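Architecture and fold: a report
The primary structure of each chain is shown beneath.
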Amino acid sequence: MRSAKRLSGLLQQCRPLGTQLEEVVGLGGVRTLITDLKAAMAAKIPKEQERLRELRKECGPKALGACTVEQAIGGMRGIPAMLWETSLLDPEEGIRFRGHTIPELEEKLPSAKEGGEPIPEGLLWLLMTGEMPTVDQAKAVTELLRERSKVPDYVFDVLRNLHPNTHPMTQLCQAVLALQVDSKFAADYRAGIHKSKYWEPVFEDSINLIAKLPTIAAAIYRNTYKGGKLIEADPNLDWAANLSHMMGYDDEGCLEMMRLYQTIHADHEGGNVSAHATHLVGSALSDPYLSFTAGMTGLAGPLHGLANQEVLRWLNEVRSEVGDGVTKEQMKEFVWATLKSGKVVPGFGHAVLRKTDPRYTCQAGFAKRNMPDYPLYKLVALLYDVVPDILTQTGKVKNPWPNVDAHSGVLLQYYGITEENFYTVLFGVSRSLGVLSQGVWSRALGLPIERPKSLTMQAIEDRVRAQEL
Ligand code: CMX
């Protein structure tokens with residue numbers, strides 16, 4: 001229970017940030033109505049720091065689980081060895097963002113229009129503060145991001161001077177690295193900032209980067225596929241809708257799709273490659289530009305985010321070999337041929353999930369509402385009928401069900417965004433919301449540099465032998 005003294009302490013901490021404060025004290029404690037995201041964070045952080053101190057003191061020596069030889073060799077599957085606050089993945093149920101499932105987010109997050117799709121700015125508030133935002137709070141984030149969205153010319157120069165065949169994900173990484181020169185955290189660190197204040201410049205860098213990513217992504221798209229003619233942001237549009245607009249897609253359905261897409265790809269707990277890479281590099285106190293780039297180089301792998309590009313390529317192969325009216329039998333043959341040629345079926349399987357990914361279900365729902373007769377939607381629905389059974393028959397695939405990447409390409413294709421090599425950039429823009437929010441918390445909580453123990457095969461053999469004696 002928070003005491004009155006504690007509450008007034010929290011309010012004092014926010015005041016210097018120049019925010020108009022309104023607090024409601026209810027049964028559950030404080031529900032903040034502050035619309036300044038940084039002030040809301042400042043109000044939350046001391047309590048969470050105290051909670052972590054207590055956890056360490058009371059439970060430090062308790063075991064969370066053992067690590068087997070198989071886990072050490074097999075990509076550390078299932079070893080609970082990381083603190084990640086913004087989301088948690090249940091193998092059966094799927095992801096929860098700060099405790100909320102995807103259907104709950106669709107229902108509770110503010111939207112741009114009555115009954116519309118959630119806006120990612122609301123999700124950013126939720127991920128950062130742990131509280132479901134009010135409409136005003138989400139709007140304030142839209143404003144905050146708009147104010148900081150201007151991308152310096154030197155970033156466009158970097159993009160223009162890259163080899164024309166540079167993959168869009170490589171372009172994204174180069175552009176983010178070009179922005180690193182402006183890192184406030186790097187500058188403050190050089191100037192000797194006290195470690196208790198790290199989170200503040202990390203917050204500033206993270207917001208600056210998130211604000212600029214739609215313009216950067218749209219520039220990559222326009223440079224690569226539309227002859228380099230860039231489109232200005234529309235000051236009346238929100239963050240995700242502006243991304244669609246700057247890419248050249250103003251259809252209302254496409255704006256709504258982009259809001260949903262950018263919301264659901266944001267976070268998937270801490271162990272996936274993009275989140276873990278961002279976290280690991282950030283733990284060395286590399287600033288958010290450097291650590292996010294590490295995450296993006298990981299997202300660019302075909303077993304991770306690039307799978308959404310691979311799904312489209314694979315579907316196009318099906319269509320060019322068999323045509324649009326593919327039958328179930330033809331599809332089965334195609335899936336078996338893929339497996340026999342030593343390839344994976346992209347968009348299916350998962351390292352942690354053991355059921356259909358709710359992000360897949362959410363996108364399938366959007367497709368059913370907005371494009372029920374679209375042939376590609378029907379093709380992906382057919383895959384759902386065919387692939388899980390075949391993957392199960394292989395006897396080795398732990399999760400035969402579709403993941404997020406199996407469906408996203410269908411939505412993009414429908415609205416005319418047909419260049420599949422670009423798809424992972426859209427995933428990456430969204431992923432910034434989760435991994436950078438966690439990055440702020442990692443510094444606020446004072447998490448140390450990551451340094452797990454590695455072993456040689458000889459050392460593993462010796463340890464196992466010693467146990468057997
Ligand atoms: N098609 C064919 N084989 C698959 C498969 C698939 N979709 N999914 C898993 N397998 C295979 C694995 O390659 C592995 O084979 P080997 O033992 O021969 O190496 C075996 O089944 C066991 O793998 P697993 O424990 O079920 O899965 P992993 O945790 O090793 O891998 C993942 C997870 C996602 C990399 C894998 O399912 C895969 O490659 N899927 C296709 C690519 C994809 O869709 N990736 C996107 C995932 C979501 C995301 O991160 O964005």
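Owing to the predicted nature of the structure, the values given are computational and were not obtained by experimental measurement. (Residues numbered from 1 in each chain as written. Predicted model: local features only at pLDDT ≥ 70, side-chain atom pairs only at ≥ 80, totals over all residues. Heavy atoms only, no water.)

**Notes on the overall build of the chain**
A tally of helices and strands in the chain yields 21 helices and five strands. Against the compact-globule benchmark of 23 Å for 469 residues, the chain has a radius of gyration of 23 Å, which places it among compact chains. Dimensions of the chain, computed from C-alpha atoms along their principal axes, come out at roughly 70 × 70 × 50 Å. Here the chain holds 469 residues, and 52% of them are scored as buried. Surface exposure of the chain reaches about 22,100 Å², of which carbon and sulfur atoms provide 54%. (Helix = DSSP H or I, 4+ residues; strand = E, 2+ residues; numbered from the N terminus. Rg over C-alpha atoms; globule rule 2.2 N^0.38 Å. Buried < 20%, exposed > 50% of the residue type's maximum accessible area, 1.4 Å probe, protein only. Areas by Shrake-Rupley, 256 points an atom, 1.4 Å probe, with all protein chains shown as cover.)

**What to know about helix H19 (residues 405-414)**
Counted residue by residue, H19 has nine buried out of 10 residues, so it is predominantly covered. Taken together, the buried positions of H19 are occupied by Asp405, Ala406, His407, Ser408, Gly409, Val410, Leu411, Leu412 and Gln413. Contacts made by the buried residues of H19 are with helix H12 (252-264), helix H15 (307-322), helix H17 (358-370), helix H18 (375-393) and helix H20 (423-444). Backbone geometry just downstream of H19 places Gly416 in the positive-phi region, at approximately 100 degrees. (Contact = heavy atoms within 4.5 Å.)

**A few points about the nonpolar core**
Counting residues in hydrophobic clusters, the biggest one holds 119 residues, and the most contacted among them are Phe97, Leu172, Met247, Met257, Leu315 and Ile417. When residues in this core are grouped by element, the largest group, 14 residues, is from helix H10 (residues 199-225). (Core = buried A, V, L, I, M, F, W, Y, C linked by side-chain atoms within 4.5 Å.)

**So, the UniProt feature "active site" (unreviewed entry) in the chain**
Within the UniProt annotation, "active site" (unreviewed entry) is assigned to His304, His350 and Asp405. A maximum C-alpha distance of 10.7 Å places the annotated residues, which cover 102 residues in sequence, within one compact spot. Relative to the elements of secondary structure, His304 occurs in the loop between helix H14 (288-299) and H15. Classification of His304 by relative accessible area gives buried; the value is 15%. Dropping the residues within four chain positions of it, His304 is found in contact with Asn272, Val273, Ser274, Gly298, Leu299, Asp405 and Arg431. Within the secondary structure layout, Asp405 lies in helix H19. Look past the residues within four positions of Asp405 in its chain and what remains in contact with it is His304, Gly305, Ala307, Asn308, Val311, Gly347 and Phe427. (UniProt positions renumbered as here; feature names shortened; annotations may be inferred.)

**A closer look at the pairing of strand E3 (residues 87-90)**
Taking every second residue as pointing to the same face, the buried face of E3 carries Ser87 and Leu89, while none of Leu88 and Asp90 on the other face is buried. Here E3 runs beside strand E4 (residues 94-97); their pairing, made up of four bridges, is antiparallel. By the bridge assignment for E4, Leu88 is matched with Arg96. Counting the residues that bridge the hairpin from E3 to E4 gives three residues. (Pairing = 2+ DSSP bridges.)

**A closer look at the side chain of Arg431**
Structurally, the position occupied by Arg431 is in helix H20. Buried within the structure, Arg431 lacks any salt-bridge partner; its nearest side chain of opposite charge belongs to Asp267, at an N-O separation of 5.3 Å. (Lys, Arg positive; Asp, Glu negative; His and termini not counted. Salt bridge = Lys/Arg side-chain N within 4 Å of Asp/Glu carboxyl O.)

**A closer look at the side chain of Gln363**
For Gln363, the location among the structural elements is in helix H17. When its relative accessible area of 1% is taken as the criterion, Gln363 is described as buried.

**A word on the packing of aromatic side chains**
If you walk through the whole model with that rule in mind, you get 12 aromatic pairs. Ring centres 5.6 Å apart and planes at 20 degrees place the aromatic pair Tyr360 and Tyr384 in the stacked group. Taken as a pair, Tyr360 in helix H17 and Tyr384 in helix H18 lie far apart in primary sequence, 24 residues in all. For Tyr384, a relative accessible area of 30% gives the class partly exposed. Through pairs of rings, three or more aromatic residues link up here, namely Tyr221, Tyr225, Tyr249 and Phe422. (Phe/Tyr/Trp six-rings, centres within 6.5 Å; stacked < 30°, edge-to-face > 60°.)

**Examining the confidence of the model for the chain**
When pLDDT is averaged along the chain, the result is 93; 93% of the residues meet or exceed 70. Segment residues 1-29 is flagged for pLDDT under 50; beyond a separation of four residues in sequence, or across chains, it makes 39 contacts in the model. (pLDDT = per-residue confidence, 0-100.)

**Brief notes about the pattern of salt bridges**
Scanning all chains against the criterion turns up 23 salt bridges. Salt-bridge contacts for Glu92 lead to Lys355; the nearest nitrogen and oxygen are separated by 2.8 Å. Taken together, the residues span a long stretch of sequence, with Glu92 in the loop between E3 and E4 and Lys355 in the loop between helix H16 (328-340) and H17 at a distance of 263 residues. Using a relative accessible area of 41% as the deciding quantity, one classes Lys355 as partly exposed. For Glu117, the salt bridge is made with Arg369, and the minimal N-O distance between the two is 3.2 Å. One end of the pair, Glu117, is in the loop between helix H4 (102-108) and helix H5 (120-129); the other, Arg369, is in helix H17, and 252 residues separate them in sequence.

**Digging into the site of the ligand**
By nearness alone, 21 residues border the ligand, and His304, Gly347, Phe348, Lys398 and Asp405 come closest of all. Within the contact set of the ligand, an oxygen atom lies 2.9 Å away from a side-chain nitrogen or oxygen of Arg77. A distance of 3.0 Å separates an oxygen atom of the ligand from a polar atom in the side chain of Asn403. Contact with the protein chains hides 76% of the accessible area of the ligand, taken as 890 Å² for the molecule alone. Grouping the amino acids of the shell around the ligand by side-chain chemistry returns 11 nonpolar, six polar and four charged. (Near = heavy atom within 4 Å. Polar contact = N/O pair within 3.5 Å; in protein donor to acceptor, adjacent residues only side chain to side chain. Nonpolar A, V, L, I, M, F, W, Y, C, P; charged D, E, K, R; others polar.)

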